[in-house]
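This is what each chain is made of:
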Amino acid sequence: KSVSTGEIIVVDDGSTDNTFSRLKEIQKNDSRIRLFKHASRKGLGAALLSGYNQSAGEFITWLPADGQIYPSELNKLLNEIGKYDFVTATYVKRYDVLRRRFVSRMWRGLMRLIIGYDFDFNGNYMFKREFLKDLYLKATTGLMNFELIHKASLKGYTVKNVYISCSLRTSGESKVWNPQTVVKIFWEMLMIRFSNRRNEKDDRQGGRD
């Protein structure tokens, strides 16, 4: 098994520059690449799910477009995916400014408080495509990455964490501090919490029947 085989799905989340045109040119020289474009910006989580739902391979993973994670690092996840259902990744070292570290800790604290999330990962992840149909995901922002692992754990899937290397961003800026994004992420946390509660209630009622 190697990350050099398989398919490469690229989702353009409503860009307004010439990104998609450049991708089409690259696609001409690489038959593994499949392109999808959102007519308008829907968010990181929605873009990832578009790619996941179009995938045909046995395993699914992702890479951010900012260049922080080298594709070769995915082999560390691939080496463990046969032993576990989901493999997550934590950066050995992060090159974050103070503000970024503060924002990350704030969101993690809120996730623990609101939805009971308690996993230490901040990189990407890998999982078997067949599991996606068992996880009803609500988030369309980057929160979807954490919701995926959270709900997989609640379903009883096994989760393994590995350490990977990362580098400085080569392009782009994080949108997690955008006021609209902040409000949306907070709202999605509440939706996930109430969804978890409903599922717990249904399980208890089902157990009594």
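Residues numbered from 1 in each chain as written. Predicted model: local features only at pLDDT ≥ 70, side-chain atom pairs only at ≥ 80, totals over all residues. Heavy atoms only, no water.

Visitor: Outline the overall build of the chain, listing residues and values.
Guide: Scanning the chain from N- to C-terminus turns up six helices and six strands. Overall, the chain shows an N-to-C arrangement of helices and strands of β-α-β-α-β-α-β-α-β-α-β-α. The buried share of the chain, taken over its 209 residues, is 39%. For the chain, contacts bridging at least 24 residues in sequence account for 77% of all contacts bridging at least 6. Surface summary for the chain: the accessible area is close to 12,600 Å², and the carbon and sulfur share equals 52%. (Helix = DSSP H or I, 4+ residues; strand = E, 2+ residues; numbered from the N terminus. Buried < 20%, exposed > 50% of the residue type's maximum accessible area, 1.4 Å probe, protein only. Contact = heavy atoms within 4.5 Å. Areas by Shrake-Rupley, 256 points an atom, 1.4 Å probe, with all protein chains shown as cover.)

Visitor: So, the packing of aromatic side chains: which residues are in play, and what are the values?
Guide: This model, assessed by the stated rule, comprises twelve aromatic pairs. Here the aromatic rings of phenylalanine 121 and tyrosine 125 are separated by 6.2 Å at their centres, their planes lie at 80 degrees, and the arrangement is edge-to-face. For the pair shown, phenylalanine 121 and tyrosine 125 are each scored as buried. Judged by centre distance (5.3 Å) and plane angle (45 degrees), the rings of phenylalanine 121 and phenylalanine 146 are tilted. You can see phenylalanine 121 sitting in the loop between helix 4 (98-115) and strand 5 (125-128) and its partner phenylalanine 146 sitting in helix 5 (residues 143-154), a full 25 residues away along the chain. By relative accessible area, phenylalanine 121 is classed as buried at 1%. Three or more aromatic residues joined by ring pairs make a cluster, and in this case those are Tyr52, Trp62, Phe86, Tyr117, Phe119, Phe121, Tyr125, Phe127, Phe131, Phe146 and Tyr157. (Phe/Tyr/Trp six-rings, centres within 6.5 Å; stacked < 30°, edge-to-face > 60°.)

Visitor: I'd like a rundown of the nonpolar core, residues and numbers included.
Guide: Core analysis: the biggest nonpolar cluster contains 30 residues, and Tyr52, Phe86, Tyr125, Met144 and Leu148 have the highest contact counts within it. For this core, the secondary-structure elements that each account for two or more residues are helix 2 (44-54), helix 4, strand 5, helix 5 and helix 6 (179-208). Ranked by residue count, the leading element in this core is helix 5, at six residues. (Core = buried A, V, L, I, M, F, W, Y, C linked by side-chain atoms within 4.5 Å.)

Visitor: Tell me about the pairing of strand 1 (residues 8-13), and name the residues and values.
Guide: Examined bridge by bridge, strand 1 and strand 2 (residues 33-38) share six bridges and lie parallel to one another. Paired with valine 10 across the strands is leucine 35, a residue of strand 2. With respect to chirality, the unit in which strand 1 leads through helix 1 (residues 19-27) into the neighbouring parallel strand 2 is right-handed. (Pairing = 2+ DSSP bridges. Right-handed = clockwise from strand over helix to strand, strands pointing away.)

Visitor: Describe the sheet that holds strand 4 (residues 86-91), naming the residues involved and giving the relevant values.
Guide: One open sheet holds the four strands; their spatial order is 3-5-4-6, and the pairing between them is mixed. Of all the strands in the sheet, just strand 3 (59-61) and strand 6 (159-164) have a single pairing partner and so form its edges. Strand after strand, the sheet turns through a mean of 20 degrees between neighbouring axes, direction not considered. When strand 3 meets strand 5, the two strands line up antiparallel, connected through three bridges. If you follow isoleucine 60 over to strand 5, its bridge partner there is phenylalanine 127. (Axes fitted to C-alpha atoms, helices over the stretch in contact; angles between N-to-C directions.)

Visitor: Give me the lowdown on the side chain of glutamate 147, citing residues and values where you can.
Guide: One can find glutamate 147 in helix 5. Looking at glutamate 147, the relative accessible area reads 0%, which means it is buried. Within the local environment of glutamate 147, its side chain forms a polar contact with the backbone nitrogen of lysine 138, the two atoms lying 2.8 Å apart. A polar side-chain atom of glutamate 147 sits 2.8 Å from a polar atom in the side chain of lysine 151. Those residues within four positions of glutamate 147 in sequence are excluded, and the remaining contacts are Tyr136, Leu137, Lys138, Ala139 and Ile192. (Polar contact = N/O pair within 3.5 Å; in protein donor to acceptor, adjacent residues only side chain to side chain.)

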